Amino acid sequence: MAGRGAQAVVRPSAIPVTVIGGFLGAGKTTLVNHVLQGDHGLKIAVLVNDFGAVNIDAALITSSEGGVYSLANGCVCCGLNQGLVEQLEELLERPGSFDHMVIEASGVADPARIMDTVRYARFAGRLQADAVVVLVDLAGFDQAMTAAPGLAETQLDAADLVVLNKADLVPLSQIEAWRKRWQWPGMRVITAVDARVPFDFLFAGQQTGADRAHDHAHAHEQPVSRTWRSSAPVDLEALAAVLKSLPPAVYRAKGFVRDSQGRQLAVQVVGTRVTVVPVGPGASSVGDGSILVLIGFGADADFDGTLARLDACASPSR
Amino acid sequence: MVDADGRLLTGAREVCEMRELYEHRPSHRPRSAYADLALVNGRIYTGDPGLPWCSALAVAGGRIVARGERGDIAHALGAGTRLIDLGGRFAMPGLYDMHTHPDLALAPRYADDLDIGIVDPRPDEVRDAVLAYAAKHPDREWIYGQYFVRYTFRQAGLVPGKAWLDTVMPDRPVALLDRMWGTMMVNSLALERAGITAATPDPTNGYLERDPVTGEPTGLLIDGAYALIHAAMPPTPVPVLRAAYRDGIRYQSARGVVASKYVHVCENRLQALHALDTAGELTVRIEAAISWQDDIFPVRRRWELLTGERHYYRSARLNANAVKFHFDGTVEPRSSYLITPWDGANSGWAGKINLTPEHLADMLWDMDRQGIRVIAHCTGDAASDTFLDAVAEARRRPGGLGVRHQCAHCTILHGSNLRRFRELGVTAEFSPVSWYPSRFVSGARSGYGPERLSRAYNVKGVLEAGGVAVIGTDWPVSPLDPWIALETLVTRANPWGEMEGRFGEPISVEQAIGVMTRNGAWSMDMEHRAGSLEIGKSADVIVLDRDLFAIEPQGNIHATRVDLTFIAGELVHDRLNAESDAVWQGEAPKLW
């Protein structure tokens, strides 16, 4: 493997960050509330722009300090009223680390710029870009495109995962029309009602509760999850080629692999965003082999092909 | 010599000759006993406490030779004297803008870089534009410009980056900015020229997008990372810089500026200024400060310039006897270097400095020995404190010339440092055009916290402690218009009434004029030769459309029009007469 440059310092102990974007009224705050009240078993820090819009159940709040609310389910929530960099620094210094961070972008913001900040060298090893999730208000998208065309396109462009929200408010034909007009090759799109996105899509890389939110999500199909295991060392170049060309049915991949030099690496894929980082000492171990979980929607055939390609990356003869 | 409206008539041959004025005149060359120029019937504020007001001035050889009432200059009037009747208008010394960057704002206008000119260019349109530009500019080594949008690449099932750009243009380096200027896409040759490899570390304010497995750069550079590419590109060409400076100077003359410091220059910038100087278009006295760091643009041959080549550019209107550096950051990213930590930070984060104090102390002493002024960007109180310490250290070491160094911006000063400006002979420079109350300023500056903000921009404190305060417009950070600065110094309020509230302590109109004239001259080592209208001093006079002492300052001073600007007796700006033989006629150009 070629030199890894500055990224070599990134450890998987870094906290994954999800940025939630989308035009005004797309359902970002609803999704944030969904996370804050969710039974995901994760300690999640949530940063929001409009603190007043977040509907935190007072009974859930265990403490509040300096504008940061701690919730009974492990979440903390704070307003994004200071600079983003400083707010992130402050959260990172709070006692007890988080499993995940969620940042709600303003409705008129480019979520990619927020994720760019998360990827700055100053956060290397502490924060890890996980995914940009962009919500689209199916009922109001055309209006948003008219009001701010460049912005809506920029937000879509930033998305690793696009959530077509309010799917219950529009006829199926409108969803199809949206896909036909806006979905580009490789774009991962799911439909949702009330911004209920399965936690597995939001928080890959963590042991989430078994998709407890599923019953409300995605009226048409259920997520598929397939696990690939191998005890043979993995050829990284070959693996990268597979990960960069996953079939559209695969929305996420996550896990650990061991390469031919015996190093263990953490793998994250969201849409077209691929992250591979060495596992530092002290990080959780998964034993000697490799394990990848593929999550998405589709027929078995979509996944079988990928599993076969993964097998080819881990041939004992390599 | 003037018409019934007091306007200058054209064709005065002697005025044309005055453009050659800053060519040297041997001291023993015979002079006319009479004035070249006389201003009469004015309401002239001299800035000289000994005689604050007069109605007439006589000028010979660029200097004031007589002043007072009409009768006091009668002896100097001869047949060849150009007599201008001010018709009762207000006149005063010309203004000093002691920190600005017209090149940074204007050079892109003249650079003729690639501009694709399509709102959402598709990849094939980007390709066509790059190829067309390359064909049209066969001599340009780099293809540089804007813009692409990632969105259209994804829509087409393509990935922007070096792989795609190499298919378009493999044999000339290409760098394209995206619409938001947050990302630069470059080809492999551009990365090669910049020496960027997988081993290149990310800068602190951006990153290289990399292949997740190999770490190889993909050709997308985010935020601060594209400075690595800029550093490898050829410097901005001299003709582009010359056109930029010409616009800036033309504007400044039209707004009554007679002297300015152009902060951050390189060899090409000095050549551009030199070209204007020899063409008779340098109508503002310029002190150009050579960039000490490469953070704005790379300065090739910096050390040659500093050790002596700067003298090549020297004239009556131009010098490069200064350096500029960034000592700390700014308020927005909370990188100002503060004595106590930033509000709201649990970390004790107090900002940072960009040079070690030891580096600074050695540099200051070394520059001081060469007679080079050091201009230090200091927004936080700890930055200016450290800078003043370094000046004190330089004053203790042998060989120093006691140069008047300059603490730029002085956003937050520690109370105990106010007296040190006078004791150490350091200029305290402020940027009032960027801090009148506005939604932007209130939001941006709130990071300092209420206590610090209450003592921000302490011009009054420096003056009361006997120090010298000056202003810099700092364009393009804030507009190049010095009259906004003058009003803001006096009112501390929003000139357009868009926002209530004030920051800090105002000073009087008289004090503010002193800050923007006499103090500027002091900070350029010219107070004995310029900065007020006294006999023997340079005739740097501006004639206004209003009397600054007779109007309500708020909402009015910033809108002042400058009818005439003279520098060393040369008419360089005439607002009202398009036929005038002034170097520039008419209103100030709109630059932003």
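Computed from a prediction, not measured in an experiment: that's the story for all the values here.

Visitor: Before we move on, could you go through the overall build of chain B and cite the residues and values that matter?
Guide: From N to C terminus, chain B includes 20 helices and 25 strands. A globule of 592 residues ought to have a C-alpha radius of gyration of about 25 Å, and chain B, at 26 Å, matches this closely. Once the C-alpha set of chain B is aligned to its principal axes, its extents read approximately 85 × 55 × 50 Å. When each of the 592 residues of chain B is scored for burial, the buried share is 59%. For chain B, the share of sequence-separated contacts (at least 6 apart) that also reach a separation of at least 24 residues comes to 72%. Of the accessible surface of chain B, which amounts to about 22,400 Å², a share of 52% is contributed by carbon and sulfur atoms.

Visitor: Tell me what's going on with the overall build of chain A, and back it up with residues and numbers.
Guide: A count of helical and extended segments in chain A gives 9 helices and 14 strands. Considering only contacts within chain A whose residues lie at least 6 apart along the sequence, 73% involve residues at least 24 apart. For chain A, the exposed surface amounts to about 12,500 Å²; the carbon and sulfur share of it is 50%.

Visitor: Describe the sheet that holds strand 23 (residues 562-567) of chain B, listing the residues and the values that go with them.
Guide: Through backbone hydrogen bonds, the strands of a sheet pair up, either in parallel or in antiparallel fashion. Residues and elements named next belong to chain B. Strands sit in the order 3-2-7-22-23-24-25 across an open sheet of 7 strands; the sheet is mixed. Strand pairing shows two members of the sheet lacking a second neighbour, strand 3 (53-54) and strand 25 (584-585), which therefore form its edges. Two strands pair when backbone bridges link them, and strand 2 (residues 43-45) and strand 7 (residues 90-93) are joined in this way by 2 bridges, in the parallel orientation. Note that in strand 7 the partner of Ile 44 across the bridge is Ala 91.

Visitor: Describe the nonpolar core, naming the residues involved and giving the relevant values.
Guide: One finds Met 92, Phe 325, Phe 387, Trp 483, Leu 486 and Leu 548 of chain B to be the most contacted residues of the largest nonpolar core, which totals 116 residues. A total of 7 residues in this core trace back to one element, the largest contributor, which is helix 13 (residues 381-396) of chain B. Among the nonpolar cores identified, the runner-up in size contains 44 residues, and Val 76, Phe 98, Ala 112 and Val 132 of chain A belong to it.

Visitor: Lay out the interface of chain B and chain A in plain terms, naming residues and giving numbers.
Guide: Accessible area lost during the coming together of the parts is what is often quoted as the interface size. In this assembly, 34 residues from chain B lie in contact with 36 residues from chain A. The largest share of the area that chain B buries against chain A comes from Tyr 151, Arg 154 and Val 213 of chain B, three residues that together contribute 26% of it. The tally of links between chain B and chain A comes to 4 salt bridges. Residues Glu 153 of chain A and Arg 179 of chain B are paired through a salt bridge, measuring 4.0 Å at the closest nitrogen-oxygen approach. Those elements that provide at least two residues to the side of chain B that touches chain A are helix 5 (150-155), strand 13 (206-210) and strand 14 (217-223) of chain B.

Visitor: Which residues make up the packing of aromatic side chains, and what values do they have?
Guide: Counted according to the given criterion, the structure contains 22 aromatic pairs over all chains. Here Phe 90 of chain B and Phe 549 of chain B contribute two aromatic rings whose centre-to-centre distance is 6.2 Å and whose plane-to-plane angle is 55 degrees, an arrangement assigned as tilted. Note that Phe 90 of chain B is positioned in strand 7 and Phe 549 of chain B in the loop between strand 22 (541-544) and strand 23, a separation of 459 residues in sequence. Owing to a relative accessible area of 3%, Phe 90 of chain B belongs among the buried residues under this scheme. Through a chain of ring-to-ring contacts, three or more aromatic side chains come together here, namely Tyr 45, Trp 53, Phe 90 and Phe 549 of chain B. Stacked on the ring of Trp 182 of chain A, the Lys or Arg Arg 181 of chain A has its end atom at 3.9 Å from the ring centre. Directly above the aromatic system of Trp 53 of chain B lies the positively charged group of Arg 43 of chain B, at a separation of 3.9 Å from the ring centroid.

Visitor: Let's hear about the pairing of strand 14 (residues 290-296) of chain A: which residues, and what values?
Guide: Residue and element names in this part refer to chain A. Extensive coverage of strand 14 is indicated by the burial of 6 of its 7 residues. As defined by bridge partners, strand 10 (residues 224-230) adjoins strand 14 across 7 bridges and the pair is classed as antiparallel. Counterpart to Arg 229 in the pairing with strand 14 is Ile 291. Two strands pair when backbone bridges link them, and strand 11 (residues 250-258) and strand 14 are joined in this way by 6 bridges, in the antiparallel orientation. Counterpart to Val 250 in the pairing with strand 14 is Gly 296.

Visitor: Can you explain the environment of Gly 497 of chain B? Please cite residues and give values.
Guide: All names here are of chain B. Inspection of the secondary structure assignment puts Gly 497 in the loop between helix 18 (482-491) and helix 19 (509-516). When its relative accessible area of 48% is taken as the criterion, Gly 497 is described as partly exposed. Considered as a pair, Gly 497 and Tyr 110 are 387 residues apart in the sequence and their alpha carbons are 35 Å apart.

Visitor: I'd like a description of the pattern of salt bridges, backed by residues and values.
Guide: All names here are of chain B. Taken as a whole, this structure holds 53 salt bridges over all chains when the rule is applied. Note that Arg 285 and Asp 540 form a salt bridge whose closest N and O atoms lie 2.9 Å from each other. Here Arg 285, found in strand 16 (residues 285-291), pairs with Asp 540, found in the loop between helix 20 (518-523) and strand 22; they are 255 residues apart in sequence, far enough to count as distant. In this structure, Arg 285 and Asp 540 share a single accessibility class: buried. When the shortest N-O distance is used, the salt bridge between Arg 302 and Asp 294 registers 2.5 Å. On the accessibility criterion, Asp 294 (45% relative accessible area) is partly exposed. Overlapping salt bridges bring together Lys 261, Glu 287, Arg 373, Arg 404, Asp 525 and Glu 527 as one network.

Visitor: Quick rundown of the state of the cysteines? Include the residues and the values.
Guide: Residue and element names in this part refer to chain A. This structure, assessed with the given rule, holds 0 disulfides over all chains. This cysteine, Cys 75, is not joined by any disulfide, and Cys 77 carries the nearest cysteine sulfur, 8.4 Å off. Note on Cys 75: relative accessible area 1%, which makes it buried.

Visitor: Quick one: what's the story with the side chain of Thr 283 of chain B, residue by residue and with numbers?
Guide: Residues and elements named next belong to chain B. Here Thr 283 lies in the loop between helix 10 (267-278) and strand 16. Of note is the side chain of Thr 283, whose polar atom sits 2.6 Å from the side chain of Ser 253. If we skip the residues at most four places from it in the chain, Thr 283 touches Ile 249, Ser 253, Val 257, Arg 317, Ile 567, Val 572, Val 583 and Trp 584.

Visitor: Give a description of a positive patch on the surface that names residues and reports values.
Guide: A contiguous patch of positive charge, built from Arg 25, Arg 29, Arg 31, Arg 63, Arg 314 and Arg 529 of chain B, is present on the exposed surface. Following the sequence through the fold, Arg 529 of chain B ends up in the loop between helix 20 and strand 22.

Visitor: Before we move on, could you go through the sheet that holds strand 20 (residues 427-430) of chain B and cite the residues and values that matter?
Guide: Residues and elements named next belong to chain B. Across the sheet, 8 strands lie side by side as 8-15-16-17-18-19-20-21; this open sheet has parallel pairing. Two strands in the sheet have a free side with no partner beyond their single neighbour: strand 8 (95-100) and strand 21 (468-471). Sheet twist, expressed as the average angle between the axes of neighbouring strands with direction ignored, equals 25 degrees. With 4 bridges joining them, strand 20 and strand 21 adopt parallel strand pairing. Opposite Phe 430, over in strand 21, you have Ile 471 as the bridge partner. Helix 13 rests against strand 17 (318-326), strand 18 (373-378) and strand 19 (406-409) of the sheet, and its axis sits at about 160 degrees to strand 18. Along the sheet, helix 18 makes contact with strand 8, strand 15 (257-265) and strand 21, crossing strand 8 at roughly 100 degrees.

Visitor: How would you explain the confidence of the model for chain B if you had to name every residue and give the values?
Guide: All names here are of chain B. Overall, the prediction assigns chain B a mean pLDDT of 91, with 95% of residues at 70 or greater. Low pLDDT (under 50) marks residues 6-18, which in the prediction has 31 contacts with non-local residues, meaning those over four places away or in another chain. Interface confidence for the predicted complex, expressed as ipTM, amounts to 0.75; the pTM equals 0.73.

What counts and how
- Residues numbered from 1 in each chain as written.
- Chains lettered and ligands numbered in written order.
- Predicted model: local features only at pLDDT ≥ 70, side-chain atom pairs only at ≥ 80, totals over all residues.
- Heavy atoms only, no water.
- Helix = DSSP H or I, 4+ residues; strand = E, 2+ residues; numbered from the N terminus.
- Rg over C-alpha atoms; globule rule 2.2 N^0.38 Å.
- Buried < 20%, exposed > 50% of the residue type's maximum accessible area, 1.4 Å probe, protein only.
- Contact = heavy atoms within 4.5 Å.
- Areas by Shrake-Rupley, 256 points an atom, 1.4 Å probe, with all protein chains shown as cover.
- Pairing = 2+ DSSP bridges.
- Core = buried A, V, L, I, M, F, W, Y, C linked by side-chain atoms within 4.5 Å.
- Buried area = accessible area lost by both parts, 1.4 Å probe.
- Salt bridge = Lys/Arg side-chain N within 4 Å of Asp/Glu carboxyl O.
- Phe/Tyr/Trp six-rings, centres within 6.5 Å; stacked < 30°, edge-to-face > 60°.
- Lys NZ or Arg CZ within 6 Å of the ring centre and 35° of its normal.
- Disulfide = S-S within 2.5 Å.
- Polar contact = N/O pair within 3.5 Å; in protein donor to acceptor, adjacent residues only side chain to side chain.
- Patch = residues over 30% accessible without salt bridge, like charges linked within 9 Å, V, L, I, M, F, W, Y side chains within 5 Å.
- Lys, Arg positive; Asp, Glu negative; His and termini not counted.
- Charge placed at Lys NZ, Arg CZ, Asp CG, Glu CD.
- Axes fitted to C-alpha atoms, helices over the stretch in contact; angles between N-to-C directions.
- pLDDT = per-residue confidence, 0-100.

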